[in-house]
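# Breakdown of the fold
Here is how the chains run, residue by residue.
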Amino acid sequence: DGVFGKYLMSALLTGYNSGNMEQQLYWDGAVVRNAAGHWLGTVSINPGGVDYYRNPGFECAWSHFHHPENRCFTLADLSGDGMPEIVIGRVDGCVVAYAAGTGEVVARVTLDGELRSLATWETGVLAGTEHGLFLLGRDLRPITSHPGAVEDVVAAVRPGADPLVVAALSDGRVMAFKVVP
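Described in the following lines is the structure provided in the data block. Along each chain, numbering runs from 1 in the same order as the chain's sequence is written. In keeping with the predicted nature of the model, local features appear solely for residues at pLDDT of at least 70, side-chain atom pairs appear and are counted solely at 80 or more, and the whole-chain, interface and lining totals rest on all residues. With hydrogens and water excluded, all non-hydrogen atoms of the structure serve as input to the side-chain values.

The subject of this paragraph is the environment of Gly-37. Runs of H or I in DSSP of at least four residues are treated as helices and runs of E of at least two as strands, each being numbered from the N terminus. Assignment of secondary structure puts Gly-37 in the loop between β1 (28-33) and β2 (39-46). Here's how the labels work: a residue is buried when its accessible area is under 20% of the maximum for its type, exposed when over 50%, partly exposed in between, all with a 1.4 Å probe on protein chains only. Gly-37 gets classed as partly exposed once you look at its relative accessible area, which sits at 36%.

Okay, here's the thing in structure tokens:
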């Protein structure tokens, strides 16, 4: 009949917010699934924290508070075990990967400039910053980079062809790259 029933869960979030919204805040989240598609939990990202709620029951399994602010995130299986890591990009250029199940930091790197976008790539993570585009390996170490401020980046899957890295640059251009091993 189009009426919401009782809500399923409610929880406080780790981090901070701006009561009068004087600063731009980043809020996002996702359902976390393993490689087989089984629902493991839900992640919530806000400017100063990350919370992971385990399925079933939505119990908070772990939380992390940190400064500076979070700006973007992606889910990527960096360890190759079929379980995704939660990869967060921050304004200080730091990219941190947390194991979804435990909240342990499994990899960390600091890039040049504020993070603006992260995307999952076949062999790691794509990172767009105010100074460039980076291809990061599974250990988050940079493999290659391209100069120029990036606003957004995606991995474009093409049927029957190699995927492309597509980046929207701050100067209004859109660039597509083929990754050559």
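Moving on to the sheet that holds strand β3 (residues 49-54). Sheets are built from strands paired through backbone hydrogen bonds, the pairs being either parallel or antiparallel. In this scheme, strands are said to pair when DSSP sees at least two bridges between them. Taken together, four strands build an open sheet; the order of strands is β1-β2-β3-β4 and the sheet is antiparallel. In the strand order of this sheet, the two ends are held by β1 and β4 (59-65), each with one partner. On average, adjacent strands in this sheet sit at an angle of 15 degrees to one another, irrespective of strand direction. Axis lines are fitted through C-alpha atoms, for helices just across the contact stretch, and the angle between N-to-C directions can take any value from 0 to 180 degrees.

We define a salt bridge as a side-chain nitrogen of Lys or Arg found within 4 Å of a carboxyl oxygen belonging to Asp or Glu. Across all of its chains, the model carries seven salt bridges by this definition. Across the pair Arg-71 and Glu-69 runs a salt bridge whose closest N-O atoms are separated by 3.3 Å. Assessed through its relative accessible area of 14%, Glu-69 is described here as buried. With its nearest N and O atoms 2.7 Å apart, the salt bridge here joins Arg-116 to Glu-151. Here Arg-116 is found in strand β9 (residues 115-121), whereas its partner Glu-151 is found in strand β13 (residues 150-158), with 35 residues between them in sequence. Salt bridges sharing partners connect three or more residues here, namely Glu-69, Arg-71 and Glu-114.

On the secondary structure map, Asp-51 appears in strand β3. Charged residues are defined narrowly, with Lys and Arg counted positive, Asp and Glu counted negative, and His plus the chain ends left uncounted. For the buried Asp-51, no salt bridge is present, and the opposite-charge side chain at shortest range is Arg-54, 13 Å distant. A polar atom in the side chain of Asp-51 sits 2.6 Å from the side chain of Ser-63. Any pair of nitrogen or oxygen atoms within 3.5 Å is treated as a polar contact; in protein, a donor-acceptor pairing is required on top of that, and neighbouring residues in sequence qualify only through side-chain atoms on both sides.

We define a nonpolar core as any set of buried Ala, Val, Leu, Ile, Met, Phe, Trp, Tyr and Cys residues linked to one another through side-chain atoms lying within 4.5 Å. Val-87, Val-95, Leu-111, Leu-118, Val-125, Leu-136 and Leu-140 are the most contacted members of the largest nonpolar core, which totals 16 residues. Going through the elements one at a time, β5 (70-76), β7 (94-99), β8 (105-110), β9, β10 (124-129) and β11 (132-136) are the ones with two or more residues in this core. The contact rule is simple, with two residues in contact once any of their heavy atoms fall within 4.5 Å. The contacts of Val-125, once residues within four sequence positions are left out, are Thr-74, Ala-76, Leu-78, Val-87, Leu-118, Ala-119, Phe-134, Leu-135, Leu-136 and Leu-140. In this structure, Val-32, Trp-62, Ile-86 and Tyr-98 belong to the second largest nonpolar core, which totals 14 residues.

Here we take up the sheet that holds β8. Read from one edge to the other, the open sheet built from four strands follows the order β5-β6-β7-β8, with strand pairing classed as antiparallel. Because the sheet does not close on itself, it has two edges, and the strands there are β5 and β8. Direction aside, neighbouring strands of the sheet carry axes that sit 15 degrees apart on average. Direction of pairing for β7 relative to β8: antiparallel, over a ladder of five bridges. Looking at the pairing, Ala-97 lines up with Ala-107 of β8.

Residue Asn-55 is joined to Pro-56 through a cis peptide bond whose omega torsion reads -5 degrees. Assignment of secondary structure puts Pro-56 in the loop between β3 and β4. Phi is positive for Phe-58, close to 55 degrees, though the residue is something other than glycine. With respect to the secondary-structure elements, Phe-58 resides in the loop between β3 and β4.

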